[in-house]
Structure formats: C-alpha cells, structure tokens
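Below, each chain spelled out in residue letters.
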Amino acid sequence: MNEGQKAAATSVPWGGSGVTTPGPAPAAGPPSRAPHAGGEPGHAAPRPRHAAGPPGDVGGEPESHVRVDDRKLEDALLGLRAPVVRLALLLDCPGVEEARADRAHLLGQIDDYLLPRLRQSSAPLLVAMVGSTGAGKSTLLNSIAGSQVSATGIRRPTTNSPVLACHPDDIGWFAENVFLPTLPRVRQSGLAMPGRDGLLVLAASDGMPRGVALLDTPDIDSVVAAHRQFARQFLDASDLWLFVTTARRYADAAVWELLKDARDRGAALGIVLSRVPPPASAQLTAHFGAMLEANGLGEVQRFVIPETTVTDAQLPAAVSAPVRAWLRETAVSSERRIAILTQTMSGVLDSLPGRVAALAEQAQAQVAVRAELRAAAEAAYAAALAELDEATRSGSLLRGEVLARWQDFAGTGDLLRTLQVKGSRRPAPKGRRQAPGSERARALKAALRTSVEALIVSLGDRAAEDAIERWRAAPAGAGLLAQAQQAARELAEAEQAYASLRQWEGDHDWGFPDGQAGLAGSLPEGGLDALGRSSPGLPGRAAQAVAAWQEHLLRLVQTERVIRRSIARVAAFDPESLALVLTIGALGYGAGDVVVTEGASAVPQRLLASLFGAGLMRDIGGQARQDLHQRVGALFAEESLRFTGIIDAIERAEEGSPADLYAASNALESAR
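Reading guide: rules and limits
- Residues numbered from 1 in each chain as written.
- Predicted model: local features only at pLDDT ≥ 70, side-chain atom pairs only at ≥ 80, totals over all residues.
- Heavy atoms only, no water.
- Helix = DSSP H or I, 4+ residues; strand = E, 2+ residues; numbered from the N terminus.
- Buried < 20%, exposed > 50% of the residue type's maximum accessible area, 1.4 Å probe, protein only.
- Contact = heavy atoms within 4.5 Å.
- Areas by Shrake-Rupley, 256 points an atom, 1.4 Å probe, with all protein chains shown as cover.
- Pairing = 2+ DSSP bridges.
- Axes fitted to C-alpha atoms, helices over the stretch in contact; angles between N-to-C directions.
- Salt bridge = Lys/Arg side-chain N within 4 Å of Asp/Glu carboxyl O.
- Parallel < 35°, antiparallel > 145°, perpendicular 65-115°, else oblique.
- Nonpolar A, V, L, I, M, F, W, Y, C, P; charged D, E, K, R; others polar.
- Phe/Tyr/Trp six-rings, centres within 6.5 Å; stacked < 30°, edge-to-face > 60°.
- pLDDT = per-residue confidence, 0-100.
- Expected span 1.5 Å × (residues − 1).

**Student:** What's the story with the overall build of the protein in this structure? I'm lost.
**Tutor:** The helix and strand tally for the protein stands at 20 helices and 14 strands. Burial analysis of the protein (672 residues in total) assigns 50% to the buried set. When contacts within the protein are restricted to residue pairs at least 6 apart in sequence, those whose partners lie at least 24 apart make up 79%. With an accessible surface of roughly 29,600 Å², the protein has 52% of that area assigned to carbon and sulfur atoms.

**Student:** So what exactly am I meant to see when it comes to the sheet that holds strand 6 (residues 163–166) here?
**Tutor:** Across a sheet, paired strands are connected by hydrogen bonds in the backbone, their directions being either parallel or antiparallel. Taken together, eight strands build an open sheet; the order of strands is 7-8-6-9-5-10-11-12 and the sheet is mixed. Each having just a single partner strand, strand 7 (185–188) and strand 12 (301–306) make up the two edges of the open sheet. Strand after strand, the sheet turns through a mean of 25 degrees between neighbouring axes, direction not considered. Against the sheet, helix 8 (residues 281–294) makes contact with strand 10 (240–246), strand 11 (268–276) and strand 12, and its axis sits at roughly 150 degrees relative to strand 11, the strand it touches most.

**Student:** Would you take a moment to explain the environment of Gln233 for this structure?
**Tutor:** Looking at the secondary structure, you find Gln233 in helix 6 (residues 225–236). Through-space distance from the C-alpha of Gln233 to that of Gly108 is 6.9 Å; in sequence the pair is 125 residues apart. Among residues more than four places away in sequence, those in contact with Gln233 are Asp112, Leu180 and Thr182.

**Student:** I'm lost on the pattern of salt bridges in this one. Help?
**Tutor:** Where charged atoms from two side chains of opposite charge come close, those side chains can pair. By the definition in use, this model includes 29 salt bridges. In this structure, Asp236 and Arg265 form a salt bridge, with 2.7 Å as the shortest nitrogen-oxygen distance. You can see Asp236 sitting in helix 6 and its partner Arg265 sitting in helix 7 (residues 253–265), a full 29 residues away along the chain. What makes Arg265 buried here is its relative accessible area of 10%. The structure contains a network of salt bridges with shared partners spanning Arg370, Arg374, Asp648 and Glu651.

**Student:** Is there a simple way to think about the packing of helix 10 (residues 334–394) against helix 20 (residues 658–671) in this case?
**Tutor:** In a packed pair of helices, the relevant descriptors are the angle between the two axes and the axis-to-axis distance. Packing of helix 10 against helix 20 leaves a shortest axis separation of 8 Å and a crossing angle of 170 degrees. By the criterion of interaxial angle, the relationship of helix 10 to helix 20 is roughly antiparallel. Touching Leu349, Leu352, Pro353, Val356, Ala357, Leu359, Ala360, Glu361, Ala363 and Gln364 of helix 10 are Pro658, Leu661, Tyr662, Ser665, Leu668 and Glu669, all from helix 20. Of the residues belonging to the contact of helix 10 with helix 20, the class tally is 12 nonpolar, two polar and two charged.

**Student:** Sorry if this is basic, but what is going on with the packing of aromatic side chains here?
**Tutor:** Within a pair of aromatic rings, the relevant descriptors are the distance that separates the centres and the angle that separates the planes. In total, this model carries six aromatic pairs according to the counting rule given. Seen in terms of ring centroids, Tyr250 and Phe288 are 5.0 Å apart; in terms of plane orientation they differ by 40 degrees. Their pairing is tilted. In this pair, Tyr250 sits in the loop between strand 10 and helix 7 while Phe288 sits in helix 8, placing the two residues 38 residues apart along the sequence. Grouped by ring-pair contacts, the aromatic residues Tyr381, Trp471, Phe636 and Phe643 constitute a single cluster.

**Student:** Explanation requested: the confidence of the model for the protein in the structure shown.
**Tutor:** As a note on interpretation, predicted positions should not be read in detail where pLDDT is low. Here the protein averages 77 in pLDDT, while 71% of its residues score no lower than 70. Every residue in residues 153–159 is under pLDDT 50, and counting partners more than four places away or in other chains gives 18 contacts. In this model, residues 421–426 is a region of pLDDT below 50 whose contacts with residues beyond four sequence positions or in other chains number seven contacts.

**Student:** Where do I start with helix 2 (residues 70–86) in this structure?
**Tutor:** Residues that lie three or four places apart on an α-helix share one face, since the helix turns once every 3.6 residues. When the terminal C-alpha atoms of helix 2 are compared, their 25 Å separation across 17 residues agrees well with the 24 Å that a helix rising 1.5 Å per residue should span. Of the residues making up helix 2, those classed as buried are Asp70, Leu73, Glu74, Ala76, Leu77, Leu80, Pro83 and Val84.

**Student:** Looking at this structure, how should I read unusual backbone geometry?
**Tutor:** One can expect most non-glycine residues to show negative phi and most peptide bonds to be in trans. The backbone of Asp312 sits at a positive phi, close to 55 degrees, despite the residue not being glycine. Here Asp312 is to be found in the loop between strand 12 and helix 9 (317–332). In this structure Asp312 comes out as exposed when scored by relative accessible area, which is 62%. Of note, Ala313 is a non-glycine position whose phi angle comes to about 60 degrees, a positive value.

Written as structure tokens, this is what we have:
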C-alpha cells in the first residue's frame, strides 16, 4: 500500500474538515433523561432535551447530569412491556400490519436492549457492523480482531449466522443469555464457520480491544428475508452502529433507508466507506459527505478504506488501524462510553411515546372492528327475526297443509260442536264432549306447530349463512374466520398427538390444556361449514319454543276476553279449540292472498269475522305475535353466540387496552 492510501485511511478531508481517528464520539442526537453506564443503582443522565447542544457536541466540558433511578426505570419498562405483550392485534384492519411489526420491534428493543443494558450497565459495548451485500463487513471484523473470525468470500450471502467477536475476558458477558436472550448461541475457537440461521456464534480473539464487542450481522439487502430480519434485531440490541458501505453502493436506497432509521431513532453511529479508488477518493467522499449533510448526518464519525490487497481475509493493519483505535478509545473513555449509551438509549426511549400512541390507536381500531363484526352477526339474526314477523303478520304461514287443516276443522263443523249455550239445561250431546280431542283439531295443531318450527329453523339457517357472508365480505371478518379455522385444525392435531402420548405414557400432565380454549374452541364441530348453518340443537329448541307459545295462547283464551261480547254473553267455546282459532287469526288469516269470500271454503273466513271483532283480533293477535317474537328472538340470540363467541375469544386474547398503553407510557416518562 502506498503512502497516499495510508493517508486516506488515517486522515480524511471529508465534509469540509479533516477527520482523524480517534475523533469525536458518534453524533449525539438531542440528549434526554436516560441512564448511562455507571455501575451504581442511581445513574447520571444528561440534562433535559431542550438544553441539549448541537448534534455531535460531546467533547469539551462534560454536561451537567441528574440522577436517575435505574430500578424505577426498569420497573416502568416492564410496566410498558406487559400491555404491549397483551396487545395481540389479531384482526385485519388498516394499518395493522405496520402496527404488528412495530409491536414486535418495540418488544425486541425492550427485551434485547433496554432491559439487558439497564441490568448490566458495565457490560462491554456492543457494536453492530451493518451494511449491504459485499460491503466488506467480515473483512473489517477480521482486521480489527487481528485474525480470521468470520468467513469471507464471493458467495452471497456470506454471513448466514451473526458472528460476535470480543476479547476472551469479555466473552462471559455474551455467553449468558443477557443480551439477545431469545437467541441461541454457540462458542467457537478460531474461524467462526457459518452455522444455522438465527444462531449467534461467539468468537473470542486476543486481538479484540477489551470492553467492546463487534457483531457481524447479515446483509440488510440480503435475498434471504430472515437475514434482513436478523439484521434489524441485532441493530435493536446494539449500543453503536458501525455502518459499512462501498464506493459503488453508498447511494443505494437500502443504505439510506437504514441511515435515516438510525438518524430518526437517535442511534450512535459510525460510517465506513470502503473500497474507495484512491484517484476518486476526494470526489466520492465529498459527494457522500454532502448526502450525509443533507440528511442530517453531517456530524457522524466517518472512515474511508481505500481499495487495497486483502490477505488472509484481512485488510493491511494500517488501513484498519483508525477504526480499531476509535473502537478502543470508545471502550476506555468513560465520557465517550457515557455519550454513546446515553444517546442510543435516549433515542430508543424518546421514540416510545409516539410508537405506543400509534399502538394505542390501533388497539382502539381493533375494538371498533370487533364491534362492527359483532353488529354484523347480530344484524343477520335481526333480519331473520324481521322475516319471522312479516311471515306471521302476512298470513304466508297459512298455506298448504295448515290451510287445508284449518278449513277442514272449521268448515266441517268440529269447531261449532264445541259450542256451549249459556243457560241451557239440556245435556250436551255425547259426541260434543269429544270435540276438543277430535282428529281434525289435533291435525290442525300439529300442522301449525310444524309450520312455525320449520320457519324458525329455515330462518336460522339463512341467518347463519348471512352472518358468515357478512364477515367474509370484510377483511377483518375473513381473516378472523381463517384464523379460527387454522387454530381449530392445529388444536385437533395437538389433541391427537396428546392422545398418543397418553396411550403410551399414561395420563400425565404434558402441559397441554384440557378442553378447548380461545379461537381453537370457538368454532363449532364441523368448522366453518357448520358455522354457516343453524346449530344442530335449534330444531329441538324451536319445537319447545313453539309448544310453549301454543300453551301461552291456551292460557290467554282461558284468562282473557278474546271473542266478541255479544257472542260471549250467550255461548262459550272449548278453550283448546278457541286457542286454535286464535292462532289462525294471529298468524294473519285473511291478511294475504288466502282470503276466500265465496263457496264452502268461505265458512272459516266468516267464522273468524264472527268470533273476533277487528279491534279485538288486532290487540290479541298482536300480543300473540309479540310473544312468539320474543321466544324466537331468544333462540336467535343463542344462535348468534356462535359468532359473537369467536369475537369474545379475540377479546380475551386482546387484553392490552389503549388506556393501559397510555398509562404505562406516561409512567415511563415519569421514571425518566
């Protein structure tokens, strides 16, 4: 490497001023009340946001600090974590995908960074090396470590598993599941060969500076989606981002998406521009610097690595020395360490109120969507009940067999045989005492009961079909039905596996819940197909309801004046026969196209007109229909529970309320 290359690596005239390493600490965003890396329970924190100096102003006189109780802050974070965990966001509605991603992101930052850093404030700084494909992150890591600890090569992606390199004295901090507690890890000596995706590889190297660890992350623009997700997770768990890009890729959209993310969250950041051709170094660095300045990142610590020869997967020592020296000084300088931890933690904490408010809005939207789905199911059964009212009022039930049985009963004289003339001392004919139990009366009563029962079951089927179609027409409803079906399928498979365990191992507690719960148990047996029909028990309940209604009408004619006064003064009818007549009248006989005015069939029509006056029939008939309406309404309300029960299962899972989120966010701000 010539002298120009060495100069380019150690002193870079970038952004209008000479930048030498070790330079100032990474750009400090607006500081706020956040803990720093002290070891005592009460941590010092920078002065409030409004008193902060310009970005990157971390040199000179140390800022005044206030004491912050880290235990109180930890409790507040745990208090915020609880309602966020309970916020399931199960229903599809506008913005829910973004809310689900930010919920997972927020929980990851709390679990993987904020809580571990609060509990282990003296742990080594974790520096995430992040960048695009082929930027040379692994090569730079090997160069800083002084040995090959991460695999390099032309195959993309090279880094399948993240590699964490640190000094042997520091590896204990990362071997325990304190940082990134949900990520499995393995120790390796020497070169950390790629493991399975999602496995953190710990590589100890004597060449690494004490007090700092480098995390070689998967590419941010990897073709493997899981790698991009891992990279984001590791960034959320890091104290400092060391962004590596190349002279060819620094203007890519993926690069600036991540840099703007770092700026917006106030993360401590350093930038390495690698593979810079020496003849174009000034031009490239000036252009990149102008882009950084335009995007509010002009004060970020930057390094330039020229094109050079790579030996044993490492850069020449002089080329990587400035980055290594900067990291070493960052680890040993208490002020710089405090500035980095304060900046990164403050950036995360400052972002929480707005993000929690967005989650609370989505939680409120979930409440509204649940109410809409509940109303849709109830509306389907309300429409069915309205159809019942119309059918009983219009006389449409009195067709076919019911009409034939009624005309047979009333037109042949069976009804008149039940007549008893008041004041008459003549004994009633023997046959008259048997009229109430006549075959025609029983046939009419059975036909009425069957007709009403069939109508109820038919309307129940249509209401169930209508309800499920209403849900399928809405994204939230369609998604909910799909989730419920999938949950039921998974539960059935789990129960089958559990049954096999019981068969071979006996009736032990395998940790599988008894019975059905949640969404898995909210669908009826038979799944969505069964949900789209009335329940198997509806015919039996409908039969009971109709029988009770007929008994109610019988009691009504026994206790109320239901026939015209002029007739009641001189004659009385058998109550059961009169109840049948009242039923016919209440169901709208003569209201529709069943009116008959001539011939033998007109007798029943004239009989109704004779026995009941228009006003009396209207009042008593209205009471009878209202009673049937209430009984069927109770049946349909029970049927609709099959739909609202699914929503209830969602509500039980969705325990995170907007009020809880706002309260926890306010408590966290108070703790800061």
